[in-house]
Amino acid sequence: MATASLETRENRRAWGFVTPALLWTVAFFVIPFIVMAAISLATRKGREIVMAWNFDNYIEFFEKAHLLKGLFVSLEITFTVTIISVILAYPLAWIITERVPQKWQRMALIMAILPFWTSYVVRSYSWLLVLAQNGVINNTLVYLGVISEPLELASTRSATVIGFVHFFVMLLTLTIYANLVQMPPNCRRAAADLGANGFQVFWHVVLPLTLPGIMVGAFLTFVLCIGDYITPQILGGNNELALPQVIMLQLGRRADFPMASTLSIILMVVVTLAYIACARWLKMERT
Amino acid sequence: MSRHVSTGKTRNKFLSTTATFILGAVAMSHSAQATEELNALVWCDHTDPALIEPFEEKYDVKVNLKEYEGTGAGLSIIEQSRPGDWDVFVIDGVDVHRAVEMGVLAEIPADALPTSDIFPEVVMAENNVVDGKTYAVTEKFGYNTISFDKTKVDPKDMEDMSVIWSDKYAGRIAVYDYYLPVIGLIGLGLGIDTADLGADDMPAIKEKLFAMKKVSKQVGEVVSSQTALATGEVDILVGGGEWITAVLSEEKPNLDWIIPKQGGLRWAQSIGVMKDSEKPDLALKFVQYIMSPEGQARLATSSCYWGMPANAKAGENLTDAQKAALRWDDQDGYLKNSQLYPIPDADLDAEMQDAWVEMLQQ
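Residues numbered from 1 in each chain as written. Chains lettered and ligands numbered in written order. Predicted model: local features only at pLDDT ≥ 70, side-chain atom pairs only at ≥ 80, totals over all residues. Heavy atoms only, no water.

## Here's the deal with the overall build of chain A
Rules: Numbering of helices and strands runs from the N terminus, with a helix taken as a DSSP run of H or I at least four residues long and a strand as a DSSP run of E at least two residues long. Radius of gyration means the value over C-alpha atoms here, while the globule rule gives 2.2 Å times the residue count to the 0.38 power. Contact definition: two residues touch when any of their heavy atoms are within 4.5 Å. For accessible areas, the Shrake-Rupley method is used with a probe of radius 1.4 Å. Any residue's cover is judged against the shown protein chains and nothing else. All tallies of charge rest on Lys and Arg as positive and Asp and Glu as negative; His and the ends of each chain are not included. To locate a charge, the coordinates of NZ of Lys, CZ of Arg, CG of Asp or CD of Glu are taken.
Counting its secondary structure elements, chain A contains 12 helices and two strands. In sequence order, the secondary structure elements of chain A are arranged as α-β-β-α-α-α-α-α-α-α-α-α-α-α. Rg of the C-alpha trace for chain A: 24 Å, well past the compact-globule value of 19 Å for 287 residues, more than 25% over. Partitioning the contacts of chain A with sequence separation of at least 6, the portion at a separation of at least 24 is 70%. Accessible surface, chain A: about 16300 Å² in total, of which carbon and sulfur atoms supply 70%. Of the side-chain charges in chain A, 20 are positive and 15 negative, and the distance between the mean point of each set is 9 Å.

Below you can see the structure in the form of structure tokens.
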């Protein structure tokens, strides 16, 4: 009896702690999401929004190649950025963990997260100055005689990818570093004692143990990259539109809230699928 | 947002910037004490302090400015605002009717405006007057046409509109990211007057639009387009004109613009008082100030972009160099060889915007 009463009190306390966060989520995520989902079923007629309760906007999205391409452009950029960021971040995190003396590791981490201190806009415009036809890279290469004509670096998808990678490689470095420092050194020692060479230790022991860090970082990169509007807008030169740019066009130019809501829901579905895949994979790894 | 693209003169620039900053701080402290506020939805040329501060000081008012590009964006902002949020609205001349139909603009007493001083061709009563009532007044005009670097391209080539979709300057063309004037220009290139442009013309226009995208390097808004031309990133800007090059006339004399033989588009911006304004008298005073010769000269040479003042008397307040940059004496010929923006209905507008997005995705 006393145990049951204690359990009830504990439950109430737990609800007391959880309720504010729950209310916050309901007010600022669940309700807006429901409203957005409802608006996505409306139709824009002239300058009026008519609550038509149909899936015309979704059908239109799949029928109009230029809208659908926005999703593919976003996915292509996001996957490219995520893969490159992982490839660059892993050795960086490894070097910080293994090669940088412990007393300097904090400084190395601060250096790694420095790009976070600069706004998206400033960083993107800085890259534009670096990559432009008269920018630092082209001027240097021309001066050194490596090239005679400036390269087309700015206003391309490559420029967008470079801008993103600069930011997300640091994010991934942090998550991978967090895994690497927590890894017991005995695991590697045991593998080496059993005859594994350096590569085998990395491939069969270190990499599997740090995969959760990679997956979490990759997921965060995926979510932030696929939803970003500013970097493709500034560095991409409007030469192709990512899905967030298409959404902005619907809102800013046409005030077409139904179509913008539809595209936003589609974006959320993609992110949710990525989350499910990531969560499912992590769960499978643990079992 | 500034459309001014700086080049060198760092020390002087630093000193002038510092001075501007100090003056700005003084002005801000003044504005903080202002007894009234006026909210204006404007194009970026109105955000120049040299234009706004004299009005603020004279009427002891703080003018809050929100800039936008393109009528769609402006109307979106209004749709997302509460009635009374905005007092003054600057809008494309051709879209005044649209705003009146939406119940956005208030009637202005015609005798409160200097209509007789306005260049007759840009009074445009058919745009600014609805059912005999004046709702707006033309404040500035110019041309969406072809801007170019005359040291890098053959000016003769620029006389033919088809240059914008030919291969000759592939990779050296930037396109101003505003669908109406660029579609209008393509229409002119195909021999279609903007007033006659309809849904039937869209397939042909789309074909040229896509061809233009294929040879262009970028499609950008005002700042990036101007920067690309000024820094040599591109040599031609489709949709440019005096509003891009005049502001750079001193620093970049190599930049020029032309109205091709097929014609150019004439843009004209109008200013009006918002119907739900709670300060209609003050809003009207702001409109009158903008339309005064002094206000017009400042607006014409705004740091964001230059354009011809609608009020002919503004010439008295402009220097010879400014008039030369605006090509004050050539306006007769330009006015004859230019047409107004297309005025699409909602369906055609949606079709044009779809074509534009499709072009961007090519």
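Now that the structure has been shown, we can carry on.
## Thoughts on the pattern of salt bridges
The cut-off we apply is this: Take a side-chain nitrogen of Lys or Arg and a carboxyl oxygen of Asp or Glu: if they are within 4 Å of each other, that pair is a salt bridge. Throughout, exposure labels follow a simple rule: accessible area from a 1.4 Å probe, protein chains only, divided by the maximum for the residue type, with under 20% read as buried, over 50% as exposed, and the rest as partly exposed.
All told, the structure shown has 19 salt bridges over all chains when counted by the stated rule. Linking Arg327(B) and Asp256(B) is a salt bridge whose minimum nitrogen-to-oxygen distance equals 2.3 Å. Note that Arg327(B) is positioned in the loop between helix 13 (320-326) and helix 14 (331-336) and Asp256(B) in strand 10 (residues 255-258), a separation of 71 residues in sequence. Given the relative accessible area of 18%, Arg327(B) is considered buried. Asp256(B) gets classed as buried once you look at its relative accessible area, which sits at 19%. Within the structure, one salt-bridge network assembled from shared partners comprises Glu60(A), Lys64(A) and Asp354(B).

## Details of the interface of chain B and chain A
Often, the extent of an interface is quoted as the loss of accessible area on bringing the components together. Short version of the rule: Accessible surface is computed with a 1.4 Å probe, and the buried area is the amount of it that two parts give up when combined, taken over both parts together.
Taken residue by residue, the interface counts 26 residues in chain B and 27 residues in chain A. In total, about 2400 Å² of surface goes out of reach between chain B and chain A, with carbon and sulfur atoms giving 39% of it. There are two salt bridges connecting chain B and chain A. Between Lys217(B) and Glu152(A) there is a salt bridge, and its shortest N-O distance comes to 3.0 Å.

## With respect to the confidence of the model for chain B
Residues and elements named next belong to chain B. This is how it is decided: Known as pLDDT, the predictor's per-residue confidence is scaled from 0 to 100.
Looking at chain B, the pLDDT average stands at 88 and 91% of residues meet or exceed 70. Of the regions scoring below 50 in pLDDT, residues 1-31 engages in 36 contacts with residues more than four places distant in sequence or in other chains. Scoring of the predicted complex yields 0.79 for pTM and 0.78 for ipTM.

## Some remarks on the environment of Pro91(A)
All names here are of chain A. Mapped onto the elements, Pro91 comes out in helix 3 (residues 65-99). Residue classification places Pro91 among the partly exposed residues on the basis of a relative accessible area of 38%. Here the alpha-carbon distance between Pro91 and Tyr177, two residues 86 residues apart in the chain, equals 9.9 Å.

## Quick word on the pairing of strand 10 of chain B
Residue and element names in this part refer to chain B. Condition: By this definition, two strands are paired if DSSP reports at least two bridges between them.
In strand 10, alternate side chains face the same way, and those of Leu255 and Trp257 on one face and Asp256 and Ile258 on the other are all buried. Where strand 6 (residues 137-149) lies against strand 10, four bridges are found, and the strand directions are antiparallel. Within the sheet, the bridge partner assigned to Asp149 lies in strand 10 and is Leu255.

## Looking at the packing of helix 3 of chain A against helix 9 (residues 198-226) of chain A
Residue and element names in this part refer to chain A. Just so we agree on the cut-off: Every axis in this analysis is a line fitted to C-alpha atoms, fitted for helices over the stretch in contact. Angles between the N-to-C directions lie between 0 and 180 degrees. Here is the rule for angles: anything less than 35 degrees is roughly parallel, anything more than 145 is roughly antiparallel, 65 through 115 is roughly perpendicular, and the remaining ranges are oblique. By convention the crossing between two helices is left-handed if the near helix lies anticlockwise of the far one by an angle smaller than a right angle, and right-handed if it lies clockwise. Charged residues are taken to be Asp, Glu, Lys and Arg, nonpolar residues to be Ala, Val, Leu, Ile, Met, Phe, Trp, Tyr, Cys and Pro, and polar residues to be all remaining types, Gly included.
Their axes nearest at 9 Å, the elements helix 3 and helix 9 cross at an angle of 140 degrees. As the angle between them shows, helix 3 and helix 9 are arranged oblique. The hand of the helix 3/helix 9 crossing is right-handed. When helix 3 is examined against helix 9, the residues Ser74, Leu75, Ile77, Thr78, Phe79, Val81, Thr82, Val86, Tyr90 and Trp94 are found in contact with a partner set consisting of Phe202, Val206, Leu207, Thr210, Ile214, Ala218, Thr221, Phe222, Cys225 and Ile226. Classifying every residue of the contact of helix 3 with helix 9 gives 15 nonpolar, five polar and no charged.

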